Amino acid sequence: MKFTHSYISNAEYFKLINHSDIHQDINDVIHYIFIPVLLHRQSSIWDSFDSGNIQPLCSWLNHRIHITKLSLKSLCLKPFPNTKVVLLVDPYALANDQLKSLVLSLVHISIGSSYLHSSLLPICTREGSDLTLFEMYSTIVSPLIREYLNKNFKPNVFNVVSRLDSDDLFISEYCKTLRLVALSLKTSTLRSVTNQILADFPLGFQYDLSDSHAYKTLWPENTFASLIYTPSDTNNIDQLHVPYSYAHDNIPSDLIKLTVSTLLPQWVQVCHDNNVSNSLFPWSLPPQKIILASLIKDILSI
């Protein structure tokens, strides 16, 4: 499907993050990050849970929670005001005390004096357990995200919205870059275009959890792209795209894809046995051995 494509080059990116006069407004951007933590779906783990055996689901969630906590801690490394993390959960599963305790462990995250509070958005996905994963997200999850944004969008400012899998991570620099890209639209020729903008960051890491190796890679049309809503968009959310309303690898023709060529990786996709859909790309650069927590802390010096 064809869509309008624009670019921010390496040189433009360097100028944006180092010499831009819009830095003074960076804290005024509202950044929403939606993370599906515990949503009922088609799988043998959920089938076991429905049959009364909670251990497979608890084991799966406990494994994911470890990565999700690292993801939230990465956002604490360089915290920005007005960062709203929203955890998507099925209240049907939260009725179990063990699962509820694991989910609530994500709500309050801190590193030193930095603090991040996340909110829960209940979404009943059990009723759509016969749907494919994309159908579930597009027909059940995205309408409730739209409703949430309608209630919470701040007028007269830039709002940016990201989706993030519970086993993937944003680097703290991602939040800064995304905010600056949004603010740069104040003077950009793209501002005169009425189409909504999708900010795409192709440079990131794939991380192999089995052997603790990180691979720097390029991934066009990845899951880490974010939607930018200009101040005039806040009154028009019902006509605009929201996370999960479209497949990340099938960008709608009415979106403007703005590719940002960053100098540093902006995200980490974690490859592990519990997510067979994530696999290492053959074009990724030779790996470096490093534990995941260290990768997050050291990435800005790589």
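Up top you'll find the structure we're talking about.
So, here is what we can say about the structure in this document. Note that the structure is a prediction, hence the values are computed from the model and not measured. (Residues numbered from 1 in each chain as written. Predicted model: local features only at pLDDT ≥ 70, side-chain atom pairs only at ≥ 80, totals over all residues. Heavy atoms only, no water.)

Structural notes on the overall build of the protein
Each helix and strand in the protein was counted, giving eight helices and 14 strands. Put simply, the protein has 302 residues, and 54% of those count as buried. A sequence separation of at least 24 residues applies to 81% of the contacts in the protein between residues at least 6 apart. (Helix = DSSP H or I, 4+ residues; strand = E, 2+ residues; numbered from the N terminus. Buried < 20%, exposed > 50% of the residue type's maximum accessible area, 1.4 Å probe, protein only. Contact = heavy atoms within 4.5 Å.)

Quick notes on helix α7 (residues 172-184)
Here α7 spans 19 Å end to end across 13 residues, near enough to the 18 Å set by a 1.5 Å rise per residue. Burial of α7 is extensive: twelve of the 13 residues sit out of reach of the surface. Turning to α7, its buried residues are Ser172, Glu173, Tyr174, Cys175, Thr177, Leu178, Arg179, Leu180, Val181, Ala182, Leu183 and Ser184. (Expected span 1.5 Å × (residues − 1).)

Considering the packing of aromatic side chains
Inspection of the entire model under this criterion finds 13 aromatic pairs. Between tyrosine 32 and phenylalanine 153, the ring centres sit 5.7 Å apart and the planes meet at 55 degrees, which makes this aromatic pair tilted. Residue tyrosine 32 is found in strand β2 (residues 30-38), and its partner phenylalanine 153 is found in the loop between α6 (133-152) and β6 (159-163); the two are separated by 121 residues along the sequence. When sorted by exposure, tyrosine 32 lands in the same class as phenylalanine 153, which is buried. Joined through ring pairs, the aromatic side chains of Phe170, Tyr174, Phe201, Trp219, Phe224 and Trp267 make up one cluster. (Phe/Tyr/Trp six-rings, centres within 6.5 Å; stacked < 30°, edge-to-face > 60°.)

Quick word on the nonpolar core
The nonpolar side chains of soluble globular proteins are, as a tendency, buried together. Judged by nonpolar contacts, the single largest core of 56 residues is most densely connected at Val37, Leu38, Leu61 and Ile228. At eight residues, helix α3 (residues 55-77) tops the list of elements feeding residues into this core. Aside from chain neighbours lying at most four places away, what touches isoleucine 228 is Phe158, Asn159, Val160, Leu178, Val181, Ala182, Leu185, Gln196, Ile197, Ala199 and Asp233. Listed in part, the 28 residues of the second largest apolar core include Tyr32, Ile145, Leu149 and Ile237. (Core = buried A, V, L, I, M, F, W, Y, C linked by side-chain atoms within 4.5 Å.)

Considering unusual backbone geometry
For asparagine 82, which is not glycine, the phi torsion reads 65 degrees and is therefore positive. Examined against the element boundaries, asparagine 82 turns out to sit in the loop between α3 and β3 (83-89). Asparagine 82 sits in the partly exposed class, given a relative accessible area of 27%. Unusually for a residue other than glycine, serine 212 sits at a positive phi of about 60 degrees. Among the structural elements, serine 212 can be located in the loop between β9 (203-208) and β10 (213-218).

Thoughts on the side chain of histidine 31
With respect to the secondary-structure elements, histidine 31 resides in strand β2. Overall, the relative accessible area of 0% leaves histidine 31 in the buried class. Engagement of the side chain of histidine 31 in a polar contact is seen with the side chain of serine 162, the distance being 2.8 Å. Ignoring any residue separated from it by four or fewer positions in sequence, one finds histidine 31 in contact with Asn82, Thr83, Lys84, Val160, Ser162, Tyr174, Cys175, Leu178 and Arg179. (Polar contact = N/O pair within 3.5 Å; in protein donor to acceptor, adjacent residues only side chain to side chain.)

Quick word on the sheet that holds strand β7 (residues 168-170)
Strand order in the open sheet made by the five strands is β7-β13-β9-β10-β14, with mixed pairing throughout. Each edge of the sheet is formed by a strand with only one pairing partner; in this case those strands are β7 and β14 (288-289). Two strands pair when backbone bridges link them, and β9 and strand β13 (residues 267-271) are joined in this way by four bridges, in the parallel orientation. Pairing of tyrosine 207 across the sheet is with valine 270, part of β13. (Pairing = 2+ DSSP bridges.)

Shape descriptors only; they carry no functional weight alone.
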